[in-house]
Amino acid sequence: MSAPPLLQVRNLQVQFVTRRAVLTAIDDVSLEIAPGEVLGVVGESGAGKSITGAAIIGLLEPPGRISGGEILLDGRRIDNLPASQMRQVRGREIGAIFQDPLTSLNPLYTVGRQITETIQTHLNLTPAQARTRAIDLLKSTGIPGAQARLDHYPHQFSGGMRQRVVIALALAAEPRLIIADEPTTALDVSIQAQIIALIRRLCREHGTAVMLVTHDMGVIAETADRVAVMYAGRLVEVGPVAQVIHHPQHPYTHGLMGSIPRVGAQRDRLEQIDGAMPRLNAIPTGCAFHPRCPRATSLCERRRPELMPAQQAQAACWLHDANSASHFPAHDAATGGQV
Ligand code: SF4
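Residues numbered from 1 in each chain as written. Predicted model: local features only at pLDDT ≥ 70, side-chain atom pairs only at ≥ 80, totals over all residues. Heavy atoms only, no water.

Chemist: When you look at the pattern of salt bridges in this model, what are you seeing that I'm missing?
Modeler: Inspection of the entire model under this criterion finds 15 salt bridges. Of the charged contacts, one joins Arg77 and Glu70 as a salt bridge, the two residues approaching to 3.4 Å between their closest N and O atoms. Note on Arg77: relative accessible area 34%, which makes it partly exposed. In the salt-bridge network here, residues are joined through shared partners; they are Arg10, Glu70, Arg77 and Asp79. (Salt bridge = Lys/Arg side-chain N within 4 Å of Asp/Glu carboxyl O. Buried < 20%, exposed > 50% of the residue type's maximum accessible area, 1.4 Å probe, protein only.)

Chemist: Would you mind showing me how to read the sheet that holds strand β5 (residues 76-77) here?
Modeler: Sheet strands pair via backbone hydrogen bonds, and the direction of the pair is either parallel or antiparallel. Spatial ordering of the open sheet is given by β2-β1-β4-β5, a layout of 4 strands whose pairing is antiparallel. The open sheet has two edge strands with one neighbour each: β2 (22-33) and β5. Sheet topology note: the strand β1 (residues 7-17)/strand β4 (residues 64-73) ladder contains 8 bridges and is antiparallel. Residue Gln15 lies in a different strand from β4, and its bridge partner there is Arg65. Sheet strands in contact with helix α1 (residues 49-57) are β1, β2 and β4, and its direction is about 110° off that of β1. (Pairing = 2+ DSSP bridges. Helix = DSSP H or I, 4+ residues; strand = E, 2+ residues; numbered from the N terminus. Contact = heavy atoms within 4.5 Å. Axes fitted to C-alpha atoms, helices over the stretch in contact; angles between N-to-C directions.)

Chemist: Got a minute to help me understand the packing of aromatic side chains in this structure?
Modeler: Working definition: an aromatic ring pair is given by the centre-to-centre distance plus the angle between the planes. The tally for this structure, following the rule as stated, stands at 3 aromatic pairs. Members of the aromatic cluster, connected to one another through ring pairs, are Tyr231, Tyr252 and Phe289. Here the guanidinium or amino end of Arg149 rests over the ring plane of Phe157, the centre of that ring lying 4.1 Å away. (Phe/Tyr/Trp six-rings, centres within 6.5 Å; stacked < 30°, edge-to-face > 60°. Lys NZ or Arg CZ within 6 Å of the ring centre and 35° of its normal.)

Chemist: Would you mind going over the packing of helix α3 (residues 111-122) against helix α6 (residues 159-171) with me for this structure?
Modeler: Angle between the axes and distance between the axes: these two values describe a pair of packed helices. Following both chains from N to C, one finds α3 and α6 inclined at 20°, their axes separated by 9 Å at the closest point. Of the possible angle classes, the one that applies to α3 and α6 is roughly parallel. As for how α3 packs across α6, the hand of that crossing is right-handed. Contact residues: Val111, Gln114, Ile115 and Thr118 in α3; Val165, Ala168 and Leu169 in α6. (Parallel < 35°, antiparallel > 145°, perpendicular 65-115°, else oblique. Left-handed = near helix turned anticlockwise from the far one by under 90°.)

Shown next, in the form of structure tokens:
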């Protein structure tokens, strides 16, 4: 990353505290996103990627709470802000795009009203200026007849067009960061590619940073600059998208990359690795992936690996630890080549 990071997540921990137990859903996650950069966060269902996004945007559902670490936006801590201040940050500085556009849109109001209200809440514009800006936003997201469409209600749009409206709404207050959680999963395959291209283009044009949460490596391959791979609430690999896709350094990433589907193809579970993501109350000791890992040793069961350099990426895997190399045969778990 060349520019200073816009978003810094440091040692984030999220716990769910219930009467029966304290469950750690996010465990010591650190990541950064630069202005204009798209960071893909990928993993199977239950890996913790959506919870990480929700923690950043201040929308963790109780009993979930941030129990450790800090989140900084442009150098300012936002994880400890009062709810009223966080509401200001959300919308003005961080926009959100969720899987189902209807969760972001009020069915009772025209899209024009919703976009102009957001604009006027956060930007110092007159009603006429806000309406002009709303039309421009709809145009920039590729909605035909933007001026007339402003007075339509959400149900009058198709699914793909509704998601474009949500993107316009997310961009309405010129946020510096967008959290997009499975933004294309609910859409038809042909529309998915258009929405991905749109998010990427708008971010480039506006210099907006994006955290793109998805289980779909095809979406990541086409959109992200860097990729963060999560497993059992932890980061297991982070690196440039081409490196992670073509030369994965963590055995879990290797399984995830087994067959990258085209954009739109659904794949909810790994095809190459037996077993399933552990439940929160049964996360294995040491490397959480060890029960599923073909390269696991007794060291992996005992000690948790931190992220360590692995080619141009970082991987949390003992295979890349020079000091423990003697525990492993000298070939790459992920690629079958030399480590
Ligand atoms: Fe597999 Fe061990 Fe690496 Fe974990 S640390 S991914 S169990 S080799």
